[in-house]
Amino acid sequence: PILCFDGDSAGKKAAIRAALRALPHLAPERTLRFVELPAGQDPDDVVKSGGREAMEALLAKPEPLDARLWRQHVRFDQGSRYWHRLASLPDADLWLLTWLPDQQTDLHDHGEATAAFTVVSGELEEVRVSDGRRVSRTLSRGQLSWVPAGAVHDVGNRSTAPTALCTPGSNPWA
């Protein structure tokens, strides 16, 4: 189903409440998508100002549930990278991390834990150290990186646009 909410503050809060309430009842084949109306407009306003086509255009581009849940937490900080724990699960934590241009981590490993992350907006460069050599790759929106236990890497935003990623965090049991 697609849920449609007003674009004002109350509508955004209602969409998050609906998403959180629905989570226990969802499965890969049963999920929700969201449409946020333009600020200050309800469905009747959209139809009156743009006709049926305007409403159909909004409904044709619904936002997935996962994006609705993390998007509200995106922040960018000039002084340092920003991070927010989205959820704590039995086997892993889910984090949202953001980078402004030129922000990066230092080379690090995750000890005996594995890690993974997906770029949800923007672009990041990941550098891994393998056999004493640095190997770099650029990750764009939608791309996943899996970091095996003991791997040494750093991640940074070397682009000109702010970037965000979600990570299921380190998983010491994997």
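Residues numbered from 1 in each chain as written. Predicted model: local features only at pLDDT ≥ 70, side-chain atom pairs only at ≥ 80, totals over all residues. Heavy atoms only, no water.

(A) Structural detail: the overall build of the protein. Counting secondary structure elements, the protein contains three helices and eleven strands. Overall, the protein shows an N-to-C arrangement of helices and strands of β-α-β-α-β-α-β-β-β-β-β-β-β-β. Counting all 174 residues of the protein, 33% fall into the buried class. For the protein, the proportion of contacts with a sequence separation of at least 24, taken over those separated by at least 6, is 66%. Surface accessibility of the protein: about 10,500 Å² in total, with carbon and sulfur atoms responsible for 54%. Charge separation in the protein, taken as the distance between the mean sites of 20 positive and 23 negative side-chain charges, equals 3 Å. (Helix = DSSP H or I, 4+ residues; strand = E, 2+ residues; numbered from the N terminus. Buried < 20%, exposed > 50% of the residue type's maximum accessible area, 1.4 Å probe, protein only. Contact = heavy atoms within 4.5 Å. Areas by Shrake-Rupley, 256 points an atom, 1.4 Å probe, with all protein chains shown as cover. Lys, Arg positive; Asp, Glu negative; His and termini not counted. Charge placed at Lys NZ, Arg CZ, Asp CG, Glu CD.)

(B) How the structure looks around the confidence of the model for the protein. On average, the protein scores 85 in pLDDT, and the residues at 70 or more come to 94%. Here residues 169–174 scores under 50 on pLDDT; set against residues more than four positions off or in separate chains, the count is 20 contacts. (pLDDT = per-residue confidence, 0-100.)

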